[in-house]
Amino acid sequence: SLMKILFDTNVLVAAFLRGGSSYDVIEQAIHEHEIYYTTFIIGEFRRVFKDKFHYTASVVNEFVVFIKKFFIKGVTAVAIENICRDSDDDQVLADAIINKIDIIITGDKDLLDLKTHKGIRIIHPNEYWNL
């Protein structure tokens, strides 16, 4: 059945950086489900590629164009609960709640340790195939 999925920044980065299993999951999910992005996640995505991997803005823009073409734009939450050690994780959870997301797909250990949050399942990309 159709699910609303939010990919965390780390999965998006892995997919565009290396392809591989993260890319395979995203490609499949685009066809099977409703995939969301938020302004916050795009901002993080841009920052990681620029600061950590030193990609040019124009290359990263091409990645972002792809995401915006195939993903649905969600709302970025304003009210954020303090749940994880990392406030960025809290933002992802808040974004998932406000957009009524069914599943967050992430490589982040703190989020994965939660397993669920307010009815939202939190899974590793490798677990996608078990859905």
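Look up a bit, the structure's there.
The shown structure was predicted, so the numbers you read here are calculated from the model rather than taken from an experiment. (Residues numbered from 1 in each chain as written. Predicted model: local features only at pLDDT ≥ 70, side-chain atom pairs only at ≥ 80, totals over all residues. Heavy atoms only, no water.)

Some remarks on the overall build of the protein chain
Now for step 1: A count of helical and extended segments in the protein chain gives six helices and six strands.
Now for step 2: The order of helices and strands in the protein chain, counted from the N terminus, is β-α-α-β-α-α-β-α-β-α-β-β.
Now for step 3: In terms of overall size, the protein chain behaves like a compact globule, its C-alpha atoms giving a radius of gyration of 14 Å where 131 residues would be expected to give roughly 14 Å.
Now for step 4: Residues counted as buried form 45% of the 131 residues belonging to the protein chain.
Now for step 5: Within the protein chain, residue pairs in contact and separated by at least 24 positions form 61% of the contacts whose partners lie at least 6 positions apart. (Helix = DSSP H or I, 4+ residues; strand = E, 2+ residues; numbered from the N terminus. Rg over C-alpha atoms; globule rule 2.2 N^0.38 Å. Buried < 20%, exposed > 50% of the residue type's maximum accessible area, 1.4 Å probe, protein only. Contact = heavy atoms within 4.5 Å.)

A word on helix 1 (residues 9-18)
Now for step 1: With respect to burial, helix 1 is a largely interior element, seven of its ten residues being buried.
Now for step 2: Among all positions in helix 1, only Thr9, Val11, Leu12, Val13, Ala14, Ala15 and Phe16 are buried.
Now for step 3: One or two steps after helix 1, the chain reaches Gly19, where phi turns positive at roughly 70°.

A few points about the pattern of salt bridges
Now for step 1: In total, this model carries four salt bridges according to the counting rule given.
Now for step 2: Notably, a salt bridge pairs Asp110 with Arg85, separated by 2.7 Å at the nearest N-O pair. Of this pair, Asp110 sits in helix 6 (residues 109-114) while Arg85 sits in the loop between strand 3 (72-73) and helix 5 (87-98); the two residues are 25 residues apart in sequence, bridging distant segments of the chain. (Salt bridge = Lys/Arg side-chain N within 4 Å of Asp/Glu carboxyl O.)

Side note on the environment of His117
Now for step 1: Among the secondary structure elements, His117 is positioned in strand 5 (residues 116-117).
Now for step 2: For His117, a relative accessible area of 10% corresponds to the buried category.
Now for step 3: Separated by 23 residues in sequence, His117 and Ala94 have C-alpha atoms that sit 10.0 Å apart.

Here's the deal with the sheet that holds strand 4 (residues 103-105)
Now for step 1: If you trace the six strands from one edge of the open sheet to the other, you get 3-2-1-4-6-5, paired in mixed fashion. If you trace the sheet from one side to the other, it starts and ends with strand 3 and strand 5, each paired once. (Pairing = 2+ DSSP bridges.)

A few points about the packing of helix 1 against helix 3 (residues 39-52)
Now for step 1: It is at 9 Å that the axes of helix 1 and helix 3 come closest, and there the two elements cross at 50°. Looking at the two axes, helix 1 sits oblique to helix 3. The element helix 1 and its partner helix 3 pack so that their crossing is right-handed. Mapping the contact onto sequence places Thr9, Leu12, Val13, Phe16 and Leu17 in helix 1 and Ile41, Glu44, Phe45, Val48 and Phe49 in helix 3.
Now for step 2: For the contact of helix 1 with helix 3, the per-class residue count stands at eight nonpolar, one polar and one charged. (Axes fitted to C-alpha atoms, helices over the stretch in contact; angles between N-to-C directions. Parallel < 35°, antiparallel > 145°, perpendicular 65-115°, else oblique. Left-handed = near helix turned anticlockwise from the far one by under 90°. Nonpolar A, V, L, I, M, F, W, Y, C, P; charged D, E, K, R; others polar.)

Points about the pairing of strand 1 (residues 4-7)
Now for step 1: Relative to strand 2 (residues 34-37), strand 1 runs parallel, the two being bridged by three bridges. Its bridge partner lying in strand 2, Ile5 is registered against Ile35.
Now for step 2: Pairing analysis gives three bridges linking strand 1 to strand 4, with the strands arranged parallel. Note on strand 4: the bridge partner recorded for Ile5 is Ile103.

Everything listed here is a matter of coordinates, which is why it stays silent on function.
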